[in-house]
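Results of the structural survey
Spelled out, the chains give:
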Amino acid sequence: MFCRHARKPHTPKNTINFNLVDVIAFVFAMLLSGCSSGIDSSGFGPFQRSLNSTTHGYQITPDLTGSAPTELIEIFDVRPGDCSLNDGWNDCKKDRERSELSEINKSTHVNSEYWYGWSIYFPDDYVNVFPTKASLGQFHQKGSHPVWMFQNSAGGYHLDNQVLGQTTEYYALIDDKDLRGRWHHIEVNVRWATDPSGFFDVWVNGEQKVGYQGQTMDASIVYFKYGLYRSFLSRYKTANNANEVPAQTVYFSNVKRSQSRRGLIPDGD
């Protein structure tokens, strides 16, 4: 089993400082969970870091917001220059930076149906880097292109339908004015299909925002990636006469996959 590296609590800007009690609780939780955030046993199987190995890029800490659905949260932090290469792909040469986790097994096949869920938190100091595109959760295909991307572009949080290999429709999920300083709970019910029998439904904080019917993929295997992935960095630099794109931080909690909606409920509830 892949074990996410347990690091000492990280304190981003605009957050409280940890005391000794926080640290003890963190260590105790790590021991109980086998050095895992709980995601390895949540229907996905193990994850691994994708194209980022920096210490600051990914951390597991006790909830520093006081309102997360789980005791531990995952922090993704991307700073200027956080690009890497792997298996012939080079983010540095592709105008990209990221810190993501990716499913290792990639075992979701066409004609299967699942529920997916996660909670996401944008800190008060989260910077919008449009016209650079920031992806915060995506369904990718093995040996092919991404099909569904959850993004923060011009503002807010939206879903980008790329089933046909390019954007065909955007779905608004969260307005920019409501984005920061609170947890947002995302639920997805999808039938993976290469024909019109598929569907892709999305709820945000209990309210249905997307009810798509039709083809949901064009390959044979799909897998989930989440964290922070920003592409077309040069667009921001050109638009703002800047040498680099500002750092961004986002939190995730309770990332799950299940055969039922009930299976997305946080452990212990």
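The structure we're discussing is the one just above.
Residues numbered from 1 in each chain as written. Predicted model: local features only at pLDDT ≥ 70, side-chain atom pairs only at ≥ 80, totals over all residues. Heavy atoms only, no water.

Glycine aside, negative phi is the norm for most residues, and most peptide bonds take the trans geometry. For the bond from Phe 130 to Pro 131, the omega torsion is 15°, close enough to zero to count as cis. If you trace the backbone, Pro 131 turns up in the loop between strand E8 (113-121) and strand E9 (133-141). One non-glycine residue, Asp 95, adopts positive backbone phi at about 65°. (Helix = DSSP H or I, 4+ residues; strand = E, 2+ residues; numbered from the N terminus.)

Any two side chains of opposite charge can pair, on the condition that their charged atoms come close. Applying the stated rule across the entire model yields 10 salt bridges. The partner of Asp 77 in a salt bridge is Arg 79, and the shortest N-O contact between them spans 3.0 Å. A salt bridge links Asp 267 to Lys 256; the nearest nitrogen and oxygen atoms lie 3.0 Å apart. With a gap of 11 residues between them, Asp 267 in the segment after strand E17 (248-258) and Lys 256 in strand E17 connect regions that are remote in the sequence. One network of salt bridges, with partners in common, ties together Asp 91, Arg 98, Glu 100 and Lys 225. (Salt bridge = Lys/Arg side-chain N within 4 Å of Asp/Glu carboxyl O.)

Counted under the stated rule, the structure contains 27 aromatic pairs. Where Tyr 116 meets Trp 192, the ring centres are 6.4 Å apart and the plane angle is 75°; that geometry is what we call edge-to-face. Here Trp 192 lies in the loop between strand E13 (183-191) and strand E14 (199-204) and Tyr 116 lies in strand E8, a separation of 76 residues in the sequence. In terms of burial, Tyr 116 and Trp 192 fall into one category: buried. Taking NZ or CZ as reference, Arg 257 lies 4.3 Å from the ring centre of Tyr 114, over its face. A cation over an aromatic ring shows up here: Arg 261 above the ring of Trp 203, its NZ or CZ 4.6 Å from the ring centre. (Phe/Tyr/Trp six-rings, centres within 6.5 Å; stacked < 30°, edge-to-face > 60°. Buried < 20%, exposed > 50% of the residue type's maximum accessible area, 1.4 Å probe, protein only. Lys NZ or Arg CZ within 6 Å of the ring centre and 35° of its normal.)

Turning our attention to the environment of Leu 159. Residue placement: Leu 159 occurs in strand E11 (residues 157-161). Judged by its relative accessible area of 0%, Leu 159 is buried. With 22 residues separating them in the primary sequence, Leu 159 and Gly 137 have C-alpha atoms 9.6 Å apart.

The 7 strands lie next to each other as E2-E3-E17-E8-E13-E14-E15, forming an open sheet whose pairing is antiparallel. Strands with a single pairing partner mark the edges of an open sheet, and in this sheet they are strand E2 (58-62) and strand E15 (207-213). Mean inter-strand twist for the sheet, computed between neighbouring axes without regard to direction, equals 25°. Note that strand E3 (residues 72-78) and E17 share 5 bridges and pair antiparallel. If you follow Glu 74 over to E17, its bridge partner there is Phe 252. (Pairing = 2+ DSSP bridges. Axes fitted to C-alpha atoms, helices over the stretch in contact; angles between N-to-C directions.)

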